[in-house]
Amino acid sequence: MSKQSYRVCLCFRRRFKMAVAQAPEDVKNLFEMYSENGLMNVDGLHKFLVEYQKEDETTTDDAQKIIDGSKHLPKNGLHVEAFFRHLFSDTNSPQVSLGVHHDMNAPLSHYFIFTGHNSYLTGNQLNSDCSDVPIINALKRGVRVIELDIWPNSEKDDVHVLHGGTLTAPVTLLKCLSSIKEYAFVSSDFPVVITLEDHLTPDLQSKAANMITQTLGDILFTPGSEVFKEFPSPETLKKRIIISTKPPKDYTEAKEDKDKENDLKSDKADDEVATKKAEPHENKPKQKKAPEYKRLIAIHAGKPKGGLDECLEVDPEKVRRLSLSELELEKAAETHGKQIVRFTQRNMLRVYPKGIRVDSSNYNPMIAWLHGAQMVAFNMQGCDKHLWLMHGMFKANGQCGYVKKPDFLLNTNEIFDPEVKHSEKTILKVTVYLGEGWYYDFDHTHFDPYSPPDFYVKVGIAGVPADKQMTKSKIVEDSWVPSWNQEFEFHLTMPQLALLRIEVHEYDMSEKDDFAGQTCLPVSEIRSGIRAVPLMDKKGDKYNNVKLLMRFEFTNPS
């Protein structure tokens, strides 16, 4: 070991001993309860894991492995520092480690799906570059729905991906498809859906179809002329890529429909990107359809003619995808809440950001999830709080990109009413003990050039309106290892849709408080007991060392 590594190791041990000295009374009392003569043997550790941590499947062999993994210690047990070190270790995760454990054999419409919006953009919606890099990053994170806007290039002889009518610099469709093929199943074996916003002429649709077929090859799922009566399951579509878009029409049909749609939506201009240009085939003669392109479409999209009642009509003979903006969904939810839930039991609903979000910000996804929307499309290149919720939701089910919807959203005999307030189902008690790791992950003058930071924690619930809450701890001044020892209590009516929000900030008297970490956990997968909770940066990437020691307890309402 080098002298520098030795000094870092020594520094780490000194600071960890400082954290041990600040160990909460709960931890010290638990050690006393399950140990003898200052040592927790394998039976005591096993008993602690089963009784207190509620790890019912844990065996004495598992307990022995924890003891064996503790370096420079007697093999017959843990002393208090080693016990505390175990509680603060990455192996003591706050989340159930079951991998993919939801039933994956139901139709695609029964799942929330990790969905991107304008997946090719590197920044804002108006003048950022288009690239395959954000697509690759999204797929690595587990995103399962990639959106591509496809347009003719300037010579009208190739297909580009860009945000039409803006100054965004294009990327070729071929490059995007090649990257999707390479990275589609890096994070998950479950299917990837490519949603195409198609602005092509029929001849370029044929060219796009050839690109898709030749590039994706055998992993492309091609239903041919079949229209599904029910969507296939994620299990049957493993390692497959699916195309979803509007079936192509000839130019005359498309222009007539576009004119009618514009008449119907003239009062909704604020929800469209002001710079969006007309379809590129304007003033051209009628052209032939592209049958090879149409045969690639597995999930048919489109809005039926008429109002909301027609849009949300359920056809027992076929399924489809409907797209609504966040504003359209909010308005529809006020008058057609139960109809939306009924529609999403069989069909797909994609919700996308309103057009004025040119900064690539996102919206609250809860209203969409509460109504059963499967594809809640988000700008993945940002770092806003709503994106943290999206990351939290898809930490569930082994982070495979598919989360089974709660049973109440799938019950066809009694359609769920999102407007009805429900009774309490559980109480979640959260204790924030202490934090550690900023000293190693941040420059020592990052928060304050002259003194140690003043940290506080915000803990809350994102969920249905009745469950939504945010609370704040006291401020611990001048400490790299802050100890709060505060308990918070949350009464939940719909824990199946609840997410636990955790944020740490550094108090600044004269300026805006500094961000110091965040995470978001699906309540349905939080493990009881004392857990080490790793924190993420604003983009959702895990810090190397920053984590909180917390306790979680679920109780029944009285």
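Structure shown above.
None of these values were measured; they are calculated from a predicted model.

A.B. asks: Teacher, can you tell me more about the pairing of strand β5 (residues 192-198) here?
C.D. replies: Consecutive side chains of a regular strand alternate in pointing toward one face of the sheet and then the other. Counting buried residues in β5 gives 6 out of 7 residues, a clear majority hidden from the surface. Two elements, strand β2 (residues 145-152) and β5, share 6 bridges in a ladder whose sense is parallel. Looking across to β5, one finds that valine 145 is bridged to valine 193. In this sheet, strand β6 (residues 241-245) lies alongside β5 in parallel orientation, the contact comprising 4 bridges. Counterpart to valine 192 in the pairing with β6 is isoleucine 241.

A.B. asks: Which parts of the structure should I look at to understand the packing of helix α3 (residues 42-51) against helix α4 (residues 60-68)?
C.D. replies: Helix-helix packing is characterised by the crossing angle of the two axes and by the distance between the axes. As a packed pair, α3 and α4 sit with axes 9 Å apart at the nearest point and diverge in direction by 115 degrees. One way to sum up the angle between α3 and α4 is to call them roughly perpendicular. Handedness of the crossing formed by α3 with α4: right-handed. Residues Val42, Asp43, Leu45, His46 and Leu49 of α3 lie in contact with α4, whose contacting residues are Thr60, Ala63, Gln64, Ile66 and Ile67. Within the contact of α3 with α4, the residues separate by chemical class into 6 nonpolar, 3 polar and 1 charged.

A.B. asks: For this particular structure, what's the right way to read the side chain of serine 361?
C.D. replies: Within the fold, serine 361 resides in the loop between β9 (348-352) and α13 (366-370). Classification of serine 361 by relative accessible area gives buried; the value is 16%. A polar side-chain atom of serine 361 sits 2.9 Å from a polar atom in the side chain of aspartate 359. Residues in contact with serine 361, not counting those within four places in the same chain, are Asn379 and Asp384.

A.B. asks: Got a minute to help me understand the environment of asparagine 485 in this structure?
C.D. replies: The topology assignment puts asparagine 485 in strand β15 (residues 483-492). It is 6.8 Å that separates the C-alpha atoms of asparagine 485 and leucine 434, two residues lying 51 residues apart in sequence. Sequence-distant contacts of asparagine 485, defined by excluding residues within four places in its chain, comprise Pro24, Val432 and Tyr433.

A.B. asks: Just checking my understanding: could you explain the packing of aromatic side chains for this structure?
C.D. replies: Working definition: an aromatic ring pair is given by the centre-to-centre distance plus the angle between the planes. This model, assessed by the stated rule, comprises 21 aromatic pairs. Ring centres of phenylalanine 447 and phenylalanine 455 lie 5.2 Å apart, and the angle between their planes is 85 degrees; this geometry places the pair in the edge-to-face category. The burial state of phenylalanine 447 is the same as that of phenylalanine 455; both residues are buried. Members of the aromatic cluster, each reached through a chain of ring pairs, are Trp438, Tyr439, Tyr440, Phe442, Phe447, Phe455, Trp480 and Tyr543. Lying over the aromatic face of tyrosine 456, lysine 472 brings its terminal NZ or CZ to 4.4 Å of the ring centre.

A.B. asks: Please clarify how the pairing of β6 should be interpreted in this entry.
C.D. replies: Burial of β6 is extensive: 5 of the 5 residues sit out of reach of the surface. What you see with β6 is no split at all: Ile241, Ile243 and Thr245 on one side and Ile242 and Ser244 on the other are buried throughout. Across 3 bridges, the pairing between β6 and strand β7 (residues 297-300) is parallel. The residue bridging serine 244 from the neighbouring strand is isoleucine 299, located in β7.

A.B. asks: Is there a simple way to explain helix α6 (residues 133-141) in this structure?
C.D. replies: Helical geometry: 3.6 residues make up each α-helical turn, so side chains three or four residues apart lie on a common side. Three or more residues of α6 are buried, namely Pro134, Ile135, Ile136, Ala138 and Leu139. Check the buried side of α6 and you find it contacts β2, α7 (173-183) and β5. Remark: glycine 142 follows α6 within two positions and exhibits a positive phi of approximately 110 degrees.

A.B. asks: Looking at this structure, I do not really get a nonpolar patch on the surface. What am I missing?
C.D. replies: Together, Ile475, Tyr507 and Met509 make up a nonpolar patch on the protein surface, roughly 310 Å² of accessible area in all. A relative accessible area of 34% places isoleucine 475 in the partly exposed class.

A.B. asks: I would appreciate a short explanation of unusual backbone geometry in the present structure.
C.D. replies: When glycine is set aside, most residues are seen to have a negative phi, and most peptide bonds are trans. Backbone geometry at lysine 156 places phi at a positive 65 degrees, although glycine is not the residue there. Examined against the element boundaries, lysine 156 turns out to sit in the loop between β2 and β3 (159-161). Positioned with a positive phi, glutamine 399 is a non-glycine residue whose angle comes to about 55 degrees. When you line up the elements, glutamine 399 lands in the loop between α14 (385-393) and β11 (402-404). Of the residues examined, glutamine 399 reaches a relative accessible area of 46% and is grouped as partly exposed.

A.B. asks: Any chance you could explain the side chain of glutamine 53 here in plain terms?
C.D. replies: With respect to the helices and strands, the residue glutamine 53 is situated in the loop between α3 and α4. The class for glutamine 53 is buried, based on a relative accessible area of 1%. When near neighbours in sequence (up to four residues on either side) are disregarded, glutamine 53 contacts Phe48, Leu87, Asn92, Ser528, Gly529, Ile530 and Arg531.

A.B. asks: Quick question: what am I supposed to make of the environment of valine 319 here?
C.D. replies: By the element assignment, valine 319 lies in the loop between α11 (308-311) and β8 (321-325). When its relative accessible area of 5% is taken as the criterion, valine 319 is described as buried. When sequence neighbours within four positions are dropped, the list of residues in contact with valine 319 reads Phe228, Lys229, Glu230, Phe231, Arg346 and Asn347.

A.B. asks: Hey, could you run me through the nonpolar core in this one?
C.D. replies: Taken as a class, soluble globular proteins show a tendency for nonpolar side chains to be buried jointly. Residues Ile146, Leu148, Ile150, Leu173, Ile194, Trp369 and Met390 are the most contacted members of the largest nonpolar core, which totals 78 residues. When residues of this core are sorted by domain, at least three fall in each of domain 1 (108-248 + 291-407) and domain 2 (423-557). Methionine 390 has contacts with Phe114, Pro365, Trp369, Val376, Phe378 and Met380, leaving out every residue within four places of it along the chain. Judged by nonpolar contacts, the second largest core, of 33 residues, contains Phe447, Trp480, Ala498 and Tyr543.

A.B. asks: How should α3 be read in this particular structure?
C.D. replies: When we look at burial in α3, the residues that qualify are Val42, Gly44, Leu45, Phe48 and Leu49. Seen along its axis, α3 keeps its buried residues to an arc of 165 degrees; they face one direction. Looking at the packing, one finds that the buried side of α3 touches α2 (25-34), α4 and α5 (80-87). A side-chain oxygen of the first residue of α3 lies 3.1 Å from the backbone nitrogen of aspartate 43; this N-cap is asparagine 41.

The rules we used
- Residues numbered from 1 in each chain as written.
- Predicted model: local features only at pLDDT ≥ 70, side-chain atom pairs only at ≥ 80, totals over all residues.
- Heavy atoms only, no water.
- Buried < 20%, exposed > 50% of the residue type's maximum accessible area, 1.4 Å probe, protein only.
- Helix = DSSP H or I, 4+ residues; strand = E, 2+ residues; numbered from the N terminus.
- Pairing = 2+ DSSP bridges.
- Axes fitted to C-alpha atoms, helices over the stretch in contact; angles between N-to-C directions.
- Parallel < 35°, antiparallel > 145°, perpendicular 65-115°, else oblique.
- Left-handed = near helix turned anticlockwise from the far one by under 90°.
- Contact = heavy atoms within 4.5 Å.
- Nonpolar A, V, L, I, M, F, W, Y, C, P; charged D, E, K, R; others polar.
- Polar contact = N/O pair within 3.5 Å; in protein donor to acceptor, adjacent residues only side chain to side chain.
- Phe/Tyr/Trp six-rings, centres within 6.5 Å; stacked < 30°, edge-to-face > 60°.
- Lys NZ or Arg CZ within 6 Å of the ring centre and 35° of its normal.
- Patch = residues over 30% accessible without salt bridge, like charges linked within 9 Å, V, L, I, M, F, W, Y side chains within 5 Å.
- Areas by Shrake-Rupley, 256 points an atom, 1.4 Å probe, with all protein chains shown as cover.
- Salt bridge = Lys/Arg side-chain N within 4 Å of Asp/Glu carboxyl O.
- Core = buried A, V, L, I, M, F, W, Y, C linked by side-chain atoms within 4.5 Å.
- Domains from an automatic or database assignment.
- Arc of directions from axis to C-beta.

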